[in-house]
Amino acid sequence: MFKYITKRVVISFLTLLAILLVLFLMLELMPGSPFNDEKLTSSQLALLNAKYGLSDPVLVRFFRYVANMFQGDFGVSYVINKNKAVSALISGPLSLSIRIGAMAMVVGSILGLILGVAAALNHNTWVDTLCSFISIIGVSVPSYVFALVLMYYVGFKLSWTPILYSAKNAGSSMILPVLALSMFPLANVSRFTRLELIDVLGSDYIQLVKAKGVKQTGLILNHALRNALIPIVTIMGPLLVNLLTGSMVVEKVFGIPGIGMLMVQAIQNNDYNVVIACAFIYSALYIFVMLVVDILYGFIDPRIRVAKEGN
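For clarity, every value in this text was computed on a predicted model and none was experimentally measured.

Student: I'd like a rundown of the overall build of the chain, residues and numbers included.
Tutor: Helix and strand counts for the chain come out as 14 helices and zero strands. Listing each helix as α and each strand as β along the chain from the N terminus yields α-α-α-α-α-α-α-α-α-α-α-α-α-α. Put simply, the chain shows about 16600 Å² of open surface, and 68% of that area lies on carbon and sulfur atoms.

Have a look at this one:
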């Protein structure tokens, strides 16, 4: 297992370097520059490009950026907050987005598991139909639509929670964004749990466990659900990252100063260092989550762990 994890970490590191190089090449091909002020003369633009190293070849800038990145230096912002360190600029929005995304994932996964188990245990009944209907709605309707509905009815009509995000009242003002973002993981986890659990409950070894007189609670928790969790864990990794990358519109709806809004602002202003840092963090989060998910397989199913140790 240690050998396998080490191999995956090395591959992940090389993948991140490749992603970083692609980001540099893409930004090189983008029109415009961070210094789009029409009042600047060509000589002034040349001085600014030389000051920030933008006049150097793209590969030189790439290797310099990588060397600085290992020291925790992601450069400075050119436009959004001039000369402010990017690491300081993104730390607050990143932690806020991760906090909201993680809470939405936890809420959605728990409710999705409950709905999925209820649907599987009541297969082909009205309970199954209701749970499946909720799952279809959660998959079909975008998160920002749920955000607008919750904002209007819960925030405006009922006045139960704040409509817009406020740092002074962060706890209650995060309720609506978390609920809006949790619908997509809820629907996906529910669907996969239902399908996998129905399949597992119909298998021969479950029938054998039933014949031994194991109670239904123990049967579900210790045998059926554990085997059904493998494909569910597979989708939870990408779902978590998708919550972070796909929460830009929801952040905009509720006025949340998260990393999604920061990235959109950086792209609009050609703030290269901020764009690269945000995209790199998204990529690193995705690869890290997928690595954790892959390792979790070995703990859920010992057969997978044995197979990995043999590689």
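Student: Break down the layout of surface pockets for me, with residues and values.
Tutor: Considering only enclosed or pocket space, the largest pocket measures out at about 450 Å³ in volume. Taken together, 23 residues make up the lining of the largest pocket; nearest its centre are Tyr-52, Leu-54, Arg-61, Tyr-78 and Asn-273. Of all the secondary structure elements, the ones that give two or more residues to the lining of the largest pocket are α1 (2-29), α3 (58-69) and α13 (272-300). Considering each element in turn, the lining of the largest pocket owes the most residues, four residues, to α3. Class assignment of the residues belonging to the lining of the largest pocket gives a composition of twelve nonpolar, seven polar and four charged.

Student: Describe empty space enclosed by the protein, listing the residues and the values that go with them.
Tutor: A full pass over the atoms with the stated rule returns one cavity of 30 Å³ or more. Considered as a void within the structure, the largest cavity measures approximately 50 Å³ in volume. Looking at the largest cavity, the residues that line it are Ser-97, Ile-100, Gly-101, Leu-181, Leu-243, Ser-247, Val-250, Glu-251 and Ile-256. Mapped by element, the contributors of at least two residues to the lining of the largest cavity are α4 (86-121) and α11 (248-254). Per element, the largest residue contribution to the lining of the largest cavity is three residues, and it comes from α4. Among the residues making up the lining of the largest cavity, the classes are represented as five nonpolar, three polar and one charged.

Student: How would you sum up the packing of aromatic side chains? Please name residues and give values.
Tutor: Going through the model one piece at a time under the given rule, you end up with eight aromatic pairs. Taking 5.1 Å as the distance between ring centres and 70 degrees as the angle between the ring planes, the aromatic pair formed by Phe-62 and Phe-63 counts as edge-to-face. With a relative accessible area of 6%, Phe-62 lands in the buried category. The structure contains a cluster of three or more aromatic residues connected by ring pairs, namely Phe-24, Phe-62, Phe-63, Tyr-65, Phe-74 and Phe-280.

Student: So what about the pattern of salt bridges? Which residues, and what values?
Tutor: Counting across every chain of the model gives one salt bridge. Between Asp-128 and Arg-194 there is a salt bridge; the shortest N-O distance is 2.6 Å. Pair noted here: Asp-128 is in helix α5 (residues 126-140) and Arg-194 is in helix α8 (residues 175-201), with a separation of 66 residues, a long-range link. Each member of the pair Asp-128 and Arg-194 is classed as buried.

Basis of the calculations
Residues numbered from 1 in each chain as written. Predicted model: local features only at pLDDT ≥ 70, side-chain atom pairs only at ≥ 80, totals over all residues. Heavy atoms only, no water. Helix = DSSP H or I, 4+ residues; strand = E, 2+ residues; numbered from the N terminus. Areas by Shrake-Rupley, 256 points an atom, 1.4 Å probe, with all protein chains shown as cover. 1 Å grid on protein atoms, 1.4 Å probe; cavity = no way out; pocket = protein on both sides within 12 Å on 5 of 7 lines; lining within 4 Å. Points joined across faces, edges and corners; volume = space filled by probe spheres on them. Nonpolar A, V, L, I, M, F, W, Y, C, P; charged D, E, K, R; others polar. Phe/Tyr/Trp six-rings, centres within 6.5 Å; stacked < 30°, edge-to-face > 60°. Buried < 20%, exposed > 50% of the residue type's maximum accessible area, 1.4 Å probe, protein only. Salt bridge = Lys/Arg side-chain N within 4 Å of Asp/Glu carboxyl O.

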